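Working through the structure, step by step
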Amino acid sequence: MRRPGGWWRTKSTPEKVETYTRWSFHFFGVIEVFALGVSAYGRTGAGLATVLCLLVVAHAAVCMLVSSRALDWTRGRRPQPVRLMWTLVVVSAVVSATAVVIAERGPAGEVETAAGSVYGGVLCFAAGVITLGVSGRRRMVAVVGGFAVGAGLLTFPLEMPVLASVVLAGLVMVTGGFLAVTSIFSLWLLNAVYALDDAKETRARLAVAEERLRFGRDLHDVMGRNLAVIALKSELAVQLSRRGRPEAVEQMIEVQRIAQESQREVRDVVRGYREAALEVELAGARGVLTAAGITAKVTGETAGLPAEVQSALGWVVREATTNVLRHGDAKKVAVTVRMSGGRVVLTVENDGVAETTGDGPSAETADTAGSAHTGGSGGSGLAGLRERLSAVDGTLEAGPAGRGVFRLTAAVPLPDAAAGAALEVAS
């Protein structure tokens with residue numbers, strides 16, 4: 001069964017921030033109900049307090065709906081909620097006018113205080129919420145200013161002094177402006193988080209594109225030179241054959257040899273067996289992860305390791321780093337290289353996976369998913385890494401390693417001489 005709170009752990013960081021922002025706006029409505037509606041019961045009789053509380057609850061419900069739709073509009077999921085915003089304006093005017101009537105015709109005393117709080121409070125909350133659905137500073141200032149002017153005009157039936165009306169309008173301006181600025185800042189922060197997440201994805205795509213360019217350059221270097229030699233020797237063989245010279249056979253034998261050599265070199269390029277220094281890959285992984293805002297810790301010595309071992313483990317580091325950037329939500333990544341029992345063991349741990357449960361992904365499922373994410377077998381993903389490691393008798397294990405932690409472990413046995421040299425360096 002899924003544990004409580006699992007829905008939260010499965011969300012990405014931008015989705016968590018959006019959920020927090022959305023419920024923060026809803027919490028404004030809860031504050032409005034308790035601060036204006038429920039508090040009325042301590043200021044006046046139960047009947048009038050109930051009327052005021054129901055009015056505030058209705059107004060808070062409309063505010064919650066407008067803030068939710070405005071948030072969706074900001075994220076480009078819905079059209080601008082113009083009708084809902086005008087509905088909120090009308091509801092705010094009705095609630096304020098009703099509060100004015102209650103304050104004017106109701107019993108004298110504390111009921112005027114309760115009705116006055118509802119009158120000014122709903123206008124402040126409405127001004128802060130409606131600014132979520134408009135764009136541009138001028139329009140936002142116009143919304144807050146309009147509610148402040150309206151608050152001052154609605155006080156005339158109460159025959160309040162002009163100074164008191166101006167003070168009330170100023171309070172609505174200040175309080176509504178504060179709520180508006182708070183709401184706008186929350187939206188700005190949410191959009192910034194989404195922009196950073198998009199930048200992270202773009203950085204990962206650029207890393208993949210750079211790797212493709214490197215592959216293309218390597219392939220061009222191999223095939224360009226060899227094909228030019230093959231074309232030249234084939235032309236020479238044709239000329240010699242036309243003249244009946246026996247050297248044509250030797251030239252075609254050379255063409256065959258170069259073609260076979262080209263085939264082997266292309267296979268090496270495709271399978272990624274060209275030299276890849278482990279130390280270089282570790283430094284590159286640290287730089288890329290740090291640039292992505294992920295704390296990267298790399299420990300261990302790589303000196304003295306055979307070239308084929310470094311190449312295989314270098315690819316493990318590269319693939320693991322790409323997976324963290326593209327498919328995880330990690331905050332910390334730890335890469336460790338150590339010698340153990342005549343083997344070099346590379347461990348990559350990150351905290352960017354949700355906690356597995358009874359019906360969640362197992363290690364085997366995570367293994368398969370990791371392979372699929374990076375392209376499957378034949379040169380990418382976990383299957384491709386196992387293929388590379390098998391060439392040096394290495395093994396690969398991947399799966400959850402505790403709460404929210406994913407661990408990838410690659411182990412490669414060392415030749416006796418290399419093991420001794422590596423142990424000496426480590427000591």
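So, a few notes on the structure that sits alongside this text. (Residues numbered from 1 in each chain as written. Predicted model: local features only at pLDDT ≥ 70, side-chain atom pairs only at ≥ 80, totals over all residues. Heavy atoms only, no water.)

**Description of the overall build of the protein chain**
- Per the secondary structure count, the protein chain includes 13 helices and five strands.
- In the protein chain, of all internal contacts separated by at least 6 residues, the share reaching a separation of at least 24 is 69%.
- Within the structure as shown, the protein chain displays about 22,900 Å² of accessible surface, and the carbon and sulfur contribution to it stands at 61%. (Helix = DSSP H or I, 4+ residues; strand = E, 2+ residues; numbered from the N terminus. Contact = heavy atoms within 4.5 Å. Areas by Shrake-Rupley, 256 points an atom, 1.4 Å probe, with all protein chains shown as cover.)

**Details of the pattern of salt bridges**
- Evaluated as defined, the whole model comprises ten salt bridges.
- Across the salt bridge formed by Asp72 and Arg77, the nearest N and O atoms sit 3.5 Å from each other.
- Put simply, Glu18, Arg22, Asp72, Arg77 and Arg78 are held in one network by salt bridges that share partners. (Salt bridge = Lys/Arg side-chain N within 4 Å of Asp/Glu carboxyl O.)

**Some words on the packing of aromatic side chains**
- This model, assessed by the stated rule, comprises two aromatic pairs.
- Judged by centre distance (6.3 Å) and plane angle (45°), the rings of Phe25 and Phe28 are tilted. Note that Phe25 and Phe28 are positioned in helix α2 (residues 13–37) at a spacing of three residues, about one turn of the helix. We note that Phe25, like Phe28, is buried.
- The side chain of Arg75 reaches across the aromatic face of Tyr194, ending 3.8 Å from its centre.
- Across from the ring centre of Trp315, 4.5 Å away, lies the NZ or CZ of Arg318, which sits over that ring. (Phe/Tyr/Trp six-rings, centres within 6.5 Å; stacked < 30°, edge-to-face > 60°. Buried < 20%, exposed > 50% of the residue type's maximum accessible area, 1.4 Å probe, protein only. Lys NZ or Arg CZ within 6 Å of the ring centre and 35° of its normal.)

**Let's talk about the environment of Phe406**
- With respect to the secondary-structure elements, Phe406 resides in strand β5 (residues 406–413).
- Between the alpha carbons of Phe406 and Val324 there is a distance of 10.0 Å; along the sequence they are 82 residues apart.

**Quick word on the packing of α2 against helix α3 (residues 46–74)**
- Relative to each other, α2 and α3 sit at 165°, their axes nearing to 8 Å. Viewed along their axes, α2 and α3 adopt a mutual orientation that is roughly antiparallel. α2 and α3 meet at a crossing whose hand is right-handed. Facing α2, whose interface residues are Glu18, Arg22, Phe25, His26, Gly29, Val30, Glu32, Val33, Leu36 and Gly37, α3 presents Ala49, Cys53, Val56, Val57, His59, Ala60, Cys63, Met64, Ser67, Ser68, Leu71 and Asp72.
- For the contact of α2 with α3, the residue count by class is twelve nonpolar, six polar and four charged. (Axes fitted to C-alpha atoms, helices over the stretch in contact; angles between N-to-C directions. Parallel < 35°, antiparallel > 145°, perpendicular 65-115°, else oblique. Left-handed = near helix turned anticlockwise from the far one by under 90°. Nonpolar A, V, L, I, M, F, W, Y, C, P; charged D, E, K, R; others polar.)

**What to know about the sheet that holds strand β4 (residues 395–400)**
- What the five strands build is an open sheet, ordered β1-β2-β3-β5-β4; its pairing is mixed. On the outer flanks of this sheet lie β1 (295–299) and β4, each paired with one strand and no other. Strand-to-strand, the axes of this sheet are offset by a mean angle of 10°, without reference to chain direction.
- Sheet topology places β4 next to β5; six bridges connect them, and they run antiparallel. Across the sheet, Glu397 pairs through a bridge with Thr409, a residue of β5. (Pairing = 2+ DSSP bridges.)

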